[in-house]
Amino acid sequence: MSVDTQDKHRIIDAVQAPTDLHALDDDELRIVAQELRAQIVESASRTGGHVASSLGAVDIIVALHAELDCPHDKIVYDVGHQAYAHKLLTGRLADFDTLRQEGGVSGFPNPDESPYDVHYSGHASDALSVALGLAKARDLAGGDERIVALIGDASISGGMAFEALNQIGQIRANMVIVLNDNKMSISPVVGGLARHFGEIRSTNEYREGRDFIKAQMANGGNLSRAALAFGHSAKSSAKHFFLPDTTLVYEQLGITCMAPVDGHDIAALRRVLRTALSVDGPALVHVVTRKGKGYEPAERQPELFHGVGPFNVRTGEVAPRSAGYSGVMGKQLVCEARADERIVAITAAMKEGTGLTAFADEFPERFFDVGICEEHALGLAGGLAKGGAKPVVAIYSTFLQRAIDQLIVNVALPRLDVVLCIDRAGIVGGDGVTHQGAYDLVYTRMVPGLRMLAPSDATELVDALHTALALDGPVAIRYPRGGSDVAPAYEPQLWKPGKARCLRVGDDVALLAWGSLVGQALLAAELLAAQGVEARVMDMRWAKPLDEGALCAAADTRLMVTLEEGVLCGGVGEEALAVLARHGLCVPALNLGLPDEPVPHGDPAHILHELGLDAEGIAAAVLARL
Ligand SMILES: Cc1ncc(C[n+]2csc(CCOP(=O)(O)OP(=O)(O)O)c2C)c(N)n1
C-alpha cells in the first residue's frame, strides 16, 4: 500500500463534510478509502494507536457516510477504537497528526471534540443500548434521523450488548446494527458466539450469498432493484436464501438479518446498508472484514497492531515495549501457580495486556479468557473459589467498573478467596477519559471485607501478590500502567495487613503516599529538604485496612499530605482525615489526587505534572501551605 499522504490531489483533502461523499461514485469512494488508510498508517506510525481495527473498518465507515446524512443521522461506535476514518471524514484530517497527544485529537469518539461523535466511546458493548435510546428518543420526538450502531464480533458477546439486543428485538426499534466480524478481539475472539459466526462464514449459503452480491455488483444497473427486492423480502426469505436458520441467533431475537457481506467491497456494503436502512424495524448487517486491511504488517500481526506504539511504516517494525508491572505480575503468578495448584487465572479479553500469556501457555487448563465479559469474569471467579480454586482476576481498573455488583455479591459477601490484580490503575496516557484508572481506590474500598494493596514498585508488586494469595477472603492489588518489568529474583515477603513502611524520617511534614506516588513523594522530600523542610515519607502499602498508627503519628507534624493516583472524592485521603477525626486528632492537611472531572488523554508524566502530582507539584503545594 502506498502511504504517500503528500499527494497534492487527494480527494479527502476536499472533503469538508462527510455528506460530500454523496457526490462520489463507488470508484471514487474506493480511492477515498485508500487515502484514508494511508493517512491512518502515516499518522499512527508517529503517534501509535488502534491501527488494525481502524484499517479494518475504513470501507464500512466510508459506505456509512456515503449513505447517511451525518450529523443529523447518527453513527454510534462501539469501543470507538475503529473510528479513525470517521474522524478523518468529519473535520479532523488537518489535526490528525496530533492523535492521542495532549490537546490533540482523541483516540476515541468524543462528543466534546466533534458534533459527529455521538457518545463517549471507549468501553465495549455499550453502543447498542445507546443507539436504541437514540432511536426511541427520535420516535418520541417525531424525528426522522437514522440510527446506526457499529459493533465488533468480540464486543457483541458482552452482556450489555445482549441485554440491548433482547430489547431491540422485542420493541422492534427502527435502527441498524452493523456487525463487524473479523474473527478477532484483541487476540482471536473466544466463545460460542464466535463459533456461531464461524459456521455462518463457512456455509455454502454464505459463499453463495457473497457471490450473488458480487454478481449483482458487476451488473450495476440491477443493484437497487435487487436491493429493494431483497429488502422487502428480507424478513421472510433472506434467512432461508442465505443462511441456515439454525444459526440465526439474531433473527430469533426479532432482528432482520442481512446476509454476510464482504466488508471491503464498498459497493456491496452501500447496497446492503441501503436495504437495511429501508427495513421497518431493527436490521443487522453482518459484515466480514480483515483486521489491519490494506497494511500488510497489520494484516499479518493484527494482535500487535491492535493498540500499537510508533512504528516504521516501510518495515512495520514496532519499537519494543516493556511489559511493565503487568509482566512482573504475570511472572510472579506463574511462580505462585507452580507452588499452588489451586491457583487459576481469569482475563476478560486482555490476556496480553494484563501479562497472563506465560500463565496461559504453562497452565492452559487453569486459564480462562471469558471474552469482553467483566461481570461474568467476577461471577466465574466466585464460583471457582466456592468450588475450592484460588482465582486471580487480572483486569484493568477502568473495566472492573463493569463488575462492581458481582464483586460485592458473588465474591465479597461470601468472603471468597479471590485476588484482583487491578492493572492500569491511575493515569493511562493516550487512551484518555474513558480509560483512566481513576475510580478503583474508591469503588473497592467500599466493598465489605475486601483488602486492597497498593505496591509502589516492581519488588513491592511481587510481595503484594504473594501476600494477597496467602490471605483469606477477597484481596485487590492496584498498580499503574508501565513501570519496571524487572521481576526481582528474591524470596517474596509477606506483608502484615494494614502496616505501612517508613522510607524517610522527618517531623515538619508527613507525606503519606499510596502506590505509584511513593517515588514522587521521596523526590518531593528531597526538594523540601533543600528548602529546610524535613518531610517524613510513608509508603502506605495498604489502601484498606489503613495503617491508623501511621496516620495518627502524622498529627505530630505541621502538615499531613496524602498522595493518591485516584479521584479524591471518596478516596484514601478523605478516609485518612476521617480516621484522625475518629481518634480525636486534628492536623492541617492536604489531600492531593485526581480532580472531580474527566482527565483527558496525553503523556502520563506530563498529566501528573499538570495535576501537581509530581515531585515539583507536591513540594510546591507543601511550601505554599506551610
Ligand atoms: C468493557 C471493555 N473491556 C475491554 C476492553 C478492551 N478492548 C478494546 S477493543 C477490544 C476488542 C474489540 O474487539 P471487536 O469488538 O471484535 O472489535 P475489533 O477490534 O475486532 O474491530 C477490547 C477487548 C474495552 N474497550 N472495554
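The structure reproduced in this document is the subject of the present report. (Residues numbered from 1 in each chain as written. Predicted model: local features only at pLDDT ≥ 70, side-chain atom pairs only at ≥ 80, totals over all residues. Heavy atoms only, no water.)

Turning to the overall build of the protein chain, a few remarks are in order. Within the protein chain one finds 24 helices and 17 strands. What you see for the protein chain is a C-alpha radius of gyration of 26 Å, in line with the 25 Å of a compact globule of 626 residues. Per-residue burial over the protein chain gives 59% buried out of 626 residues. Nonlocal contacts in the protein chain, meaning residues at least 24 apart in sequence, comprise 76% of its contacts between residues at least 6 apart. Here the protein chain has roughly 23800 Å² of accessible surface; of this, 52% comes from carbon and sulfur atoms. For the protein chain, the separation between the mean place of its 55 positive charges and that of its 80 negative charges on side chains is 4 Å. (Helix = DSSP H or I, 4+ residues; strand = E, 2+ residues; numbered from the N terminus. Rg over C-alpha atoms; globule rule 2.2 N^0.38 Å. Buried < 20%, exposed > 50% of the residue type's maximum accessible area, 1.4 Å probe, protein only. Contact = heavy atoms within 4.5 Å. Areas by Shrake-Rupley, 256 points an atom, 1.4 Å probe, with all protein chains shown as cover. Lys, Arg positive; Asp, Glu negative; His and termini not counted. Charge placed at Lys NZ, Arg CZ, Asp CG, Glu CD.)

Surrounding the ligand, one finds 22 residues, the nearest of these being S53, H81, S155, N182 and E374. One of the side-chain nitrogen or oxygen atoms of D153 is found 3.0 Å away from an oxygen atom of the ligand. Interatomic distance of 3.0 Å between a side-chain N/O atom of K291 and an oxygen atom of the ligand. With the chains in place, 98% of the 580 Å² that the ligand exposes on its own is no longer accessible. Looking at side-chain class alone, the shell around the ligand contains nine nonpolar, nine polar and four charged residues. (Near = heavy atom within 4 Å. Polar contact = N/O pair within 3.5 Å; in protein donor to acceptor, adjacent residues only side chain to side chain. Nonpolar A, V, L, I, M, F, W, Y, C, P; charged D, E, K, R; others polar.)

Judged by nonpolar contacts, the single largest core of 59 residues is most densely connected at L21, L36, V62, V178, V285 and F311. What V285 contacts, discounting residues up to four positions off in sequence, is V176, I177, V178, L179, M258, V261, V272, L273 and A276. Core analysis: the next-biggest nonpolar cluster, separate from the first, contains 49 residues, A377, A381, V411 and L551 among them. (Core = buried A, V, L, I, M, F, W, Y, C linked by side-chain atoms within 4.5 Å.)

With that settled, the discussion passes to the packing of helix 13 (residues 324-339) against helix 19 (residues 458-470). Running from N to C, helix 13 and helix 19 cross one another at 40°; their axes reach a closest spacing of 10 Å. Put simply, helix 13 runs oblique to helix 19. Crossing handedness for the pair helix 13 and helix 19: right-handed. Judged by residue contacts, Y325, V328, M329, Q332, L333 and E336 of helix 13 engage A458, L461, V462, L465, H466 and L469 from helix 19. Looking at side-chain class alone, the contact of helix 13 with helix 19 contains nine nonpolar, two polar and one charged residues. (Axes fitted to C-alpha atoms, helices over the stretch in contact; angles between N-to-C directions. Parallel < 35°, antiparallel > 145°, perpendicular 65-115°, else oblique. Left-handed = near helix turned anticlockwise from the far one by under 90°.)

Most of strand 2 (residues 147-152) is tucked away: five of the six residues are buried. Relative to strand 3 (residues 176-181), strand 2 is paired through five bridges, and the arrangement is parallel. Following the sheet pairing, V148 is matched in strand 3 by V176. Regarding topology, helix 6 (residues 159-171) serves as the crossover connection from strand 2 to the parallel strand 3, and that connection is right-handed. (Pairing = 2+ DSSP bridges. Right-handed = clockwise from strand over helix to strand, strands pointing away.)

Now for helix 19. For helix 19, with 13 residues, the first-to-last C-alpha span of 19 Å sits near the 18 Å given by 1.5 Å per residue. Extensive coverage of helix 19 is indicated by the burial of 10 of its 13 residues. By the burial criterion, the buried members of helix 19 are A458, E460, L461, V462, D463, A464, L465, T467, A468 and L469. The N-cap residue of helix 19 is D457: its side-chain oxygen and the backbone nitrogen of T459 are 3.1 Å apart. (Expected span 1.5 Å × (residues − 1).)

Here we come to the side chain of D614. Its place among the elements puts D614 in the loop between helix 23 (604-610) and helix 24 (615-625). Among the polar contacts listed, one links the side chain of D614 to the backbone nitrogen of G617, at a separation of 3.0 Å. Setting aside residues no more than four positions away along its own chain, D614 makes contact with Q520, L608 and H609.

Taken as a whole and judged by the stated rule, the model has six aromatic pairs. An angle of 75° between the planes, with centres 5.6 Å apart, marks the rings of Y84 and F96 as edge-to-face. Remark: F96 occurs in the loop between helix 4 (84-89) and helix 5 (127-141) and Y84 occurs in helix 4; sequence separation between them is 12 residues. Of the residues examined, Y84 reaches a relative accessible area of 0% and is grouped as buried. A centroid spacing of 5.8 Å and a plane angle of 40° characterise the contact between Y295 and F311, whose relative ring orientation is tilted. Note that Y295 is positioned in the loop between strand 5 (283-288) and helix 12 (296-300) and F311 in the loop between helix 12 and helix 13, a separation of 16 residues in sequence. Take Y295 and F311: they sit in the same class, and that class is buried. Ring pairs connect the aromatic residues Y295, F305 and F311, which therefore count as one cluster. In this structure, R366 packs its charged tip against the face of F363, placed 4.3 Å from the ring centre. Positioned above the aromatic ring of W495, the side-chain terminus of R541 is 4.0 Å from the ring centre. (Phe/Tyr/Trp six-rings, centres within 6.5 Å; stacked < 30°, edge-to-face > 60°. Lys NZ or Arg CZ within 6 Å of the ring centre and 35° of its normal.)

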